[in-house]
Amino acid sequence: HLPRPRMVQFFDRVLRLRGPVIHGFGRGSKLLGCPTANIPVEPYYEVLEQLTPGVYFGWATIQGFDESPGSEVHPMVMSIGWNPYFKNSKKTIEANLLRDFQHDFYGCELRLLLCGFIRPEADFPSLEALKEAIRNDQKVASSSLSEVSDRKGDAFLVEQQDTQNGAL
């Protein structure tokens, strides 16, 4: 097991987000070597105002994607925030599913169950420093998720019908 930084916080109550996968800035796979799936922030303005911009971890499913049946639950790490290294003017929700896929899944519904918080967002002195932090976040998420593996069965992730969005 990799040691978790002391700042990792597990949530008593999970946060549920979902939305169609939309195009982001196109940096994840190409520039960072870390493919991300973005969902719209607009439905979550109020929830996002309560969250610290930063890196979170949890579980995800993709609905309507042949390569991954909707009941297949994936570990994920995600960024919610402004991405200060890139000086974004728009807040984003970007999930990195910790699995390789052969195809993109734009337009499919992504369901995200946030189980904990890794660190606040940060600016980095170089692209390489950002990539190193992303790799570390992925490792921390992977080791932390073993402690919340029971949450993989949350009905929000696996049910085919509409389930309600939740808040902290």
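Scroll up a little and you will see the structure.
Every value quoted in this text rests on a predicted model; they were computed, and no experiment measured them. (Residues numbered from 1 in each chain as written. Predicted model: local features only at pLDDT ≥ 70, side-chain atom pairs only at ≥ 80, totals over all residues. Heavy atoms only, no water.)

Draft legend 1. The sheet that holds strand β5 (residues 92–97), seen in detail. If you walk across this open sheet you meet the six strands as β1-β6-β3-β4-β5-β2, and the pairing is antiparallel. The strands lining the two open edges of the sheet, one partner per strand, are β1 (9–20) and β2 (37–39). Mean inter-strand twist for the sheet, computed between neighbouring axes without regard to direction, equals 30°. As paired strands, strand β3 (residues 54–63) and strand β6 (residues 109–120) are joined by ten bridges and run antiparallel to one another. Residue pairing for β6: Gln-63 is matched across the bridge by Glu-109. (Pairing = 2+ DSSP bridges. Helix = DSSP H or I, 4+ residues; strand = E, 2+ residues; numbered from the N terminus. Axes fitted to C-alpha atoms, helices over the stretch in contact; angles between N-to-C directions.)

Draft legend 2. The arrangement of the pattern of salt bridges in detail. The final tally for this structure, using the stated rule, is six salt bridges. The partner of Glu-109 in a salt bridge is Arg-18, with the nearest N and O atoms 3.7 Å apart. Placement of Glu-109 in strand β6 and of Arg-18 in strand β1 is noted, with a sequence separation of 91 residues between them. According to the relative accessible area criterion, Arg-18 is buried, its value standing at 15%. Two residues, Glu-128 and Arg-135, come together in a salt bridge whose shortest N-O distance is 3.1 Å. A relative accessible area of 43% places Glu-128 in the partly exposed class. For Arg-135, a relative accessible area of 40% translates into the label partly exposed. Because the salt bridges share partners, they merge into one network encompassing Arg-18, Glu-109 and Arg-111. (Salt bridge = Lys/Arg side-chain N within 4 Å of Asp/Glu carboxyl O. Buried < 20%, exposed > 50% of the residue type's maximum accessible area, 1.4 Å probe, protein only.)

Draft legend 3. Region of interest: the nonpolar core. Membership of the largest hydrophobic core comes to 28 residues, with the highest contact counts inside it found for Leu-17, Met-78, Leu-110, Leu-112 and Leu-114. Put simply, the parts of the chain that give this core at least two residues each are β1, β2, α2 (45–50), β3, β4 (74–81), β5 and β6. If we skip the residues at most four places from it in the chain, Leu-114 touches Phe-11, Val-14, Leu-15, Leu-17, Tyr-56, Phe-57, Gly-58, Met-76, Met-78 and Ile-80. Core analysis: the next-biggest nonpolar cluster, separate from the first, contains 16 residues, Val-73, Cys-115, Ala-141 and Leu-145 among them. (Core = buried A, V, L, I, M, F, W, Y, C linked by side-chain atoms within 4.5 Å. Contact = heavy atoms within 4.5 Å.)

Draft legend 4. Fine view of the pairing of β4. The buried fraction of β4 is high, at seven of eight residues. With seven bridges joining them, β3 and β4 adopt antiparallel strand pairing. Each residue of the ladder has a partner; that of Tyr-56, found in β4, is Met-78. As judged from the six bridges shared by β4 and β5, these two strands associate in the antiparallel manner. When the sheet's bridge partners are listed, Met-78 is paired in β5 with Ala-95.

Draft legend 5. Looking closely at unusual backbone geometry. Of note in the backbone geometry, Asn-83 takes a positive phi value of approximately 50° without being a glycine. Assignment of secondary structure puts Asn-83 in the loop between β4 and β5. Not every positive phi belongs to a glycine, and Lys-87 is a case in point at roughly 55°. By relative accessible area, which is 64% here, Lys-87 ends up exposed.

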